[in-house]
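One-letter residues, chain by chain:
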Amino acid sequence: MAAKLYGGAYLSFFVDAILDNLSKILEDDSVLNGNYSAMEFLQRLENCLLDVAPVLDDAELKQFTDKRVKRWLADLQDALYSADDLLDELTTKAATATATQADPGISALCSRVVDSYIEDNGDMERIVGRLESVIARKKLLRLKETAAKVDMSWRIPSTSLVEPSEICGRKEDKDAILKQLLDDDDAGDGDIPVIPIVGMGGIGKTTLAQMVYHDDKVKEKFDFRGWVCVSEEFDLVKATKTIIEAITSSSCNLTDLNLLQHDLKEKLSRKKFFVVLDDVWNENYDDWNMLLKPFQKGVKGSKILITTRSKKVASVVETVSPHELRSLSDEDCWLVFSKHARLSTASMEYPTLVKIGKDITKKCDGLPLAAQALGGILRGNSDVKYWNHLLKSEIWGLSDDGIKGINVVPALRISYYFLPSHLKQCFVYCSLYPKDYEFSKDELILLWMAENFFQPVGKKTMEEVGDEYFDELLARSFFQHHSTEENKFVMHDLVHDLAMSFAGEFFYRAEDLEKGYEVDSKTRHLSHNAKGNYPMSKLLGVCDRVKHIRSFLEINLNWWMPFNMENAPCFLLSKLLHLRALSFESFPLESLPDSIGGLIHLRYLDLSHTYIVTLPESLGELYNLQTLKLFQCDKLEKLPDGMKDLVNLRHLDIRGTNLHEMPKGMHKLKKLQFLSDYVVGKHEENKIKELGALANLHKSIHISKLENMVNSSEALDARMSDKDGIDSMMLSWSSNKDENIVDPQIEEDILDKLRPHNNLKELKISGYRGTTFPDWLGHSSFHNITTLGLGSCRNFSMLPSLGQLPSLKDLTIYKFKKLEIVGAEFYQNGECCLETPFPMLETLRFESMHCWKEWYSLEVHAFPRLKNLTIWECPMLRGDLPNHLPSLQSLEIENCEQLSCCVPRAPAMTSLSINGSNELRIGELPPLLRHLSIGGKHQVESVLESITNMQLTCLTYLRISKYPSHISFPVSSIPASLQELHISDCRKLQVQMDGQHHSLQTLYINNSCDSDTSFSLLDSFPNLVRVDILNCEKMECIVVSRSLSCLRLLWIENCGSLKSMSTLWKAAPQLQHLRIRGCKEMDLSAKGEPQCSLRCLEISYSEKLARSAPFMNPQFHGLTHLHIYGGDEESVRCLPKEGWLPASLESLSLNRLKSVETLERKGLAHLTSLQQLTIYDCPKLENIEGEKLPASLTRLIIEGNTLLGERCQMKDPQIWPKISHISSIKVDSRWIWLSHK
């Protein structure tokens, strides 16, 4: 007997799945109905599968020591795929024939359809014969049959990510890193310290970095933190963009390196930062020097931490000695292992298992990742025999020869071998993802489901089974939680290598054109990485060779990326007829060809973020379709009528579409588990009652256009109270001309009968037209509700009772037009189960309540945990606010003109914003304030007085606005901790320059401090990084007499009298980004010191600017990015003039130049470094004078319906030869030309 792989061979589950499908066909007389020839073929197929199953475990072991076995397994898997496709076609043909007929002769008709398919296709004999031929070779390989499978009923429970406190053996390492991070001795005025952590893969570098990243002392010390995974594919643009997105938690649409680096430097220069660059591979000094440029000269105390396997990388970037991470001791490895194995000390076998476990961990070579994975294998299992088998398995000694050059850690290899067969399939499928790809759990489960990777388990749904599979792989450390994204997951590089090593020729990632191997004819799963350099055209060229592809996934494509999809959709759909999973996510796609209906195997279709306008009716022919994702297809207004025929559909995501109504007959889709939206129609077959038959809905649903309902019986038919799987529901009515003639009683009955199940966690109601809410809203039986939003309920004069919801944390109430009083009913109702109303509420918002006058508080103290209170646009509100809010941290009151009470006292408050509420009284400011925004005469006076008399040691942000009178604000009274100061609409405010303030980094002046024509305020803030000056009409000159060595960005707009800023050039030697718009008197031609640091200039065009030719001056000789905007005095037909632009330009943008008709080639000829030309909203521009645009150009972008854009799209022979050499051309958001992809 061969040693038993307790998890089962990779192909075992596949064989079992095919046998299961085959059994169903043979048992169902309606499929073959006496076709004895077909039955004979299928019985031969069944014999083959039963014959090969027992030797698969032995073959999987021997494939690394016998190349013949490896080839045999590949041939077998290839033949099994063909057999599986054959059976799927048979069952689909039979099922669709049955579904489209309703006469008594259905069985005979079904049989004729299948007979016709078998005769016309002719594949059955070839497929069965090939499988028989492959299986016959097993005798020559002397493969052995294995014993019956060991009971695998013990299942690994779902667990969360290991907490830092549970990590073993790294305390000294953590302390050492923390000391370097928290110590400011090395934080001089030079370069930002870079601390490398060096060690081999899997040794715990990332884990250690995560420990310090989340340490409370680190959070307290740094103003912001950012985590960036750099990885092997080092690209300066991508890396810089990723860093910006990490530290801002928002997307970045810039694609030019220079602009990206300026943007990053500006963001980093304001506050003390801590950035982790994880998994660094690149050893090129120049690349690193360029990447780290924006980090230099940052705020004192900022730090960078990198993790890398390479000492050479560390030597290139380090400013302090690298911290070398050593292997764990055997004892620490044992601690990691035992925590994941979860040994029960009560077990009689405990002493024996400890001994075996310590022997196993000695084989981990001190790698915590390996110990973690092995512990995950054995979690919950106390079978000594099983532990011994793992310890003594021959798998430890297997070679990696021939696995695409990938070296796999033996401990990880054995963790794979001991996976159950079904989990092996799921895990290897993940090799389609690029390294460091951030994937979502839900997406991956749906893809697995499309590939039929799930074993039925009792009454559990496929989604529930997939959820368990995912959690098992997570618990076994094959997946890891993303460092910062809550709902994202990643694979460690070594684990990704493991998946790649077992994927073989059946999986291919098209990402690296220089990769050493091509797509194989056996390939069944294919992904295209848009961030790589693999052209779509090359991929389409191999489709004839890989026509049995089952998966095609487009990965990492974004709207801003140059991408030419060629004729991919039509070509792929006509060639790859065996597709089961197809993702065109983010393709610039407007329609699908009718041939989509021919993909009878298709189960997963993702068209999210496309420009799709219509879907073909043939979509309804996709009988097997389980998942249809149309997320953010905002041009889509209608679904096909044939949607009702997608009887196997389980997941329909139409969030962000613009559907007018649902198609008819949605009640037929009884297998639906997730329906993101239901748009109620007016027809009998698309009313809300269609939801009644959809009993298995889960997660969230948004039911819109409820105004189309005419009576409450329809609502009752929807049976929402029976849908216990829905945890989030939104109900919305649209505004229309008939909303004022509705019957409120009918509306109330409708909402009453739309009562959800008590399991609901989140509820939002918008546009409801009744006058009262039903009793169920606010009832304490809804004990799980944490989030509630009520808005645009225009007929209400009283709020519902919500204070008795025991778990409510977030409440938003907005646009209640008739509401005047919030009284006792808001807190309590007749049941009064809770002594303290709103016991768990943390966030409360009132917005746009135009008639609200009074808010009564109860004697009993409500809101004991309220942290955030926001009141916006409530102009009639007066009286008192609740004054006992012990947990309040943030208070925001905007445009509540009549509110005249005192601000509630809250010692824990850190953020206070009062604007447009002139009568509100502010007492003593809370001592812990960090953010303070005040507008209005009385408030500004009060706050400035408090600031002068108090020590606000935590204040970092201050905004003062709308103070019409004279007032003096001494610099000496500004809190020393302040970093950002905004002054808006305070024209007569004078900042008294009685000293210098050294912490301020950002100064924003808008329509303020305008009493003098000379502006010299900058002298008081020597460490300014950014300055914005807007709408200061009297200002004629900016005078600077002291150094502003930190100033990087200066924006000046709509200062019509401003003529000079000549003293600034010398004072700000590091100025990089200058914006001057709407300043028609500004003279930039004045001589100044050479301004070599200036890289980006934004300026309005004027005749004065044209005459002075300022760009020839030395201040602009290093300029790389220039944006020219149209101005009030713009009357130019041709741009740019010859010799007018600096030769150093890398990008040029022409914006809103209404009179320009011709682009002058002569004015661009000397720009040998120009890479990008952008033309936006220049409606008369239609010509290019001269010959070709500069040869250096790689990107031309034309937006805003220009005549030139139209000529480019038509490839006008007078224009196209002048631009066709440019590799990427985009017109009105569409890439019309890509010569390199």
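What you are looking at is a predicted structure, and each value in this text was computed from that prediction instead of being measured. (Residues numbered from 1 in each chain as written. Predicted model: local features only at pLDDT ≥ 70, side-chain atom pairs only at ≥ 80, totals over all residues. Heavy atoms only, no water.)

Chemist: Tell me about the packing of helix 15 (residues 330–341) against helix 16 (residues 350–362), and name the residues and values.
Modeler: Two elements in contact, helix 15 and helix 16, have axes separated by 9 Å at closest approach and are oriented at 115°. Of the possible angle classes, the one that applies to helix 15 and helix 16 is roughly perpendicular. For helix 15 against helix 16, the interelement crossing comes out right-handed. Where helix 15 approaches helix 16, its residues Asp-330, Glu-331, Cys-333, Trp-334 and Phe-337 are matched on the opposing element by Val-354, Gly-357, Lys-358, Ile-360, Thr-361 and Lys-362. Residue classes in the contact of helix 15 with helix 16 are distributed as five nonpolar, two polar and four charged. (Axes fitted to C-alpha atoms, helices over the stretch in contact; angles between N-to-C directions. Helix = DSSP H or I, 4+ residues; strand = E, 2+ residues; numbered from the N terminus. Parallel < 35°, antiparallel > 145°, perpendicular 65-115°, else oblique. Left-handed = near helix turned anticlockwise from the far one by under 90°. Contact = heavy atoms within 4.5 Å. Nonpolar A, V, L, I, M, F, W, Y, C, P; charged D, E, K, R; others polar.)

Chemist: Give a detailed account of the pattern of salt bridges, specifying residues and quantitative values.
Modeler: Tallying each qualifying case throughout the model produces 49 salt bridges. One salt bridge in this structure joins Glu-463 and Arg-650, with 2.8 Å as the shortest N-O distance. In this pair, Glu-463 is assigned in helix 22 (residues 462–475) and Arg-650 in the loop between strand 14 (627–629) and strand 15 (651–653), connecting sequence segments 187 residues apart. Here Glu-463 matches Arg-650 in class, with each residue buried. In this structure, the salt-bridge partner of Lys-764 is Glu-762, at a minimum N-O distance of 3.6 Å. Given a relative accessible area of 34%, Lys-764 falls into the partly exposed group. Of the residues examined, Glu-762 reaches a relative accessible area of 27% and is grouped as partly exposed. The network of salt bridges with shared partners includes Asp-84, Asp-85, Asp-88, Arg-550, Arg-580 and Arg-603. (Salt bridge = Lys/Arg side-chain N within 4 Å of Asp/Glu carboxyl O. Buried < 20%, exposed > 50% of the residue type's maximum accessible area, 1.4 Å probe, protein only.)

Chemist: Describe the nonpolar core, with residues and values.
Modeler: In globular proteins that are soluble, nonpolar side chains generally tend to be buried together. Residues Leu-691, Phe-826, Trp-855 and Phe-863 are the most contacted members of the largest nonpolar core, which totals 224 residues. A per-element tally of this core places helix 28 (residues 937–949) first, with four residues. (Core = buried A, V, L, I, M, F, W, Y, C linked by side-chain atoms within 4.5 Å.)

Chemist: Tell me about the packing of helix 17 (residues 368–378) against helix 18 (residues 384–392), residues and numbers included.
Modeler: Axis separation between helix 17 and helix 18 bottoms out at 11 Å; the angle between their running directions is 145°. Crossing handedness for the pair helix 17 and helix 18: right-handed. Packed against helix 17, whose contacting residues are Leu-374, Ile-377 and Leu-378, the element helix 18 presents Tyr-386, Trp-387 and Leu-390 at the interface. Class assignment for the residues of the contact of helix 17 with helix 18 results in six nonpolar, no polar and no charged.

Chemist: How would you summarise the sheet that holds strand 44 (residues 1158–1160) if you had to cite specific residues and measurements?
Modeler: Read across the open sheet, the three strands follow the order 42-44-46; overall the sheet is parallel. A single partner strand is all that each edge strand has here, and the edge strands are strand 42 (1134–1135) and strand 46 (1183–1185). In this sheet, strand 44 lies alongside strand 42 in parallel orientation, the contact comprising two bridges. Paired with Cys-1134 across the bridge in strand 44 is Thr-1158. (Pairing = 2+ DSSP bridges.)

Chemist: Which residues make up the sheet that holds strand 6 (residues 439–440), and what values go with them?
Modeler: Within the open sheet, the three strands sit side by side as 6-8-7. Their pairing is antiparallel. With one partner strand each, in any of the chains shown, strand 6 and strand 7 (480–481) form the two edges of the open sheet. In this sheet, strand 8 (residues 488–490) lies alongside strand 7 in antiparallel orientation, the contact comprising two bridges. Across the sheet, the residue bridging to His-481 is Phe-489, located in strand 8.

Chemist: Could you give an account of helix 8 (residues 171–182), naming the residues involved and the relevant values?
Modeler: Spacing of three or four residues puts side chains on the same side of an α-helix, whose turn is 3.6 residues. Between its first and last C-alpha, helix 8 extends 16 Å over twelve residues, near the 16 Å set by a 1.5 Å rise per residue. Turning to helix 8, its buried residues number three or more, namely Asp-173, Lys-174, Ile-177, Leu-178 and Leu-181. Along helix 8, the residues classed as buried sweep out an arc of 130° about the axis, all on the same side. Among the exposed residues of helix 8, those pointing more than 90 degrees away from its buried face are Lys-171, Glu-172 and Lys-179. Buried positions along helix 8 lie against strand 1 (194–198), helix 9 (205–213), helix 10 (216–221), strand 3 (273–280), strand 4 (303–308) and strand 5 (323–324). (Expected span 1.5 Å × (residues − 1). Arc of directions from axis to C-beta.)

Interpretation note: all reported values are geometric properties and have no functional meaning in isolation.
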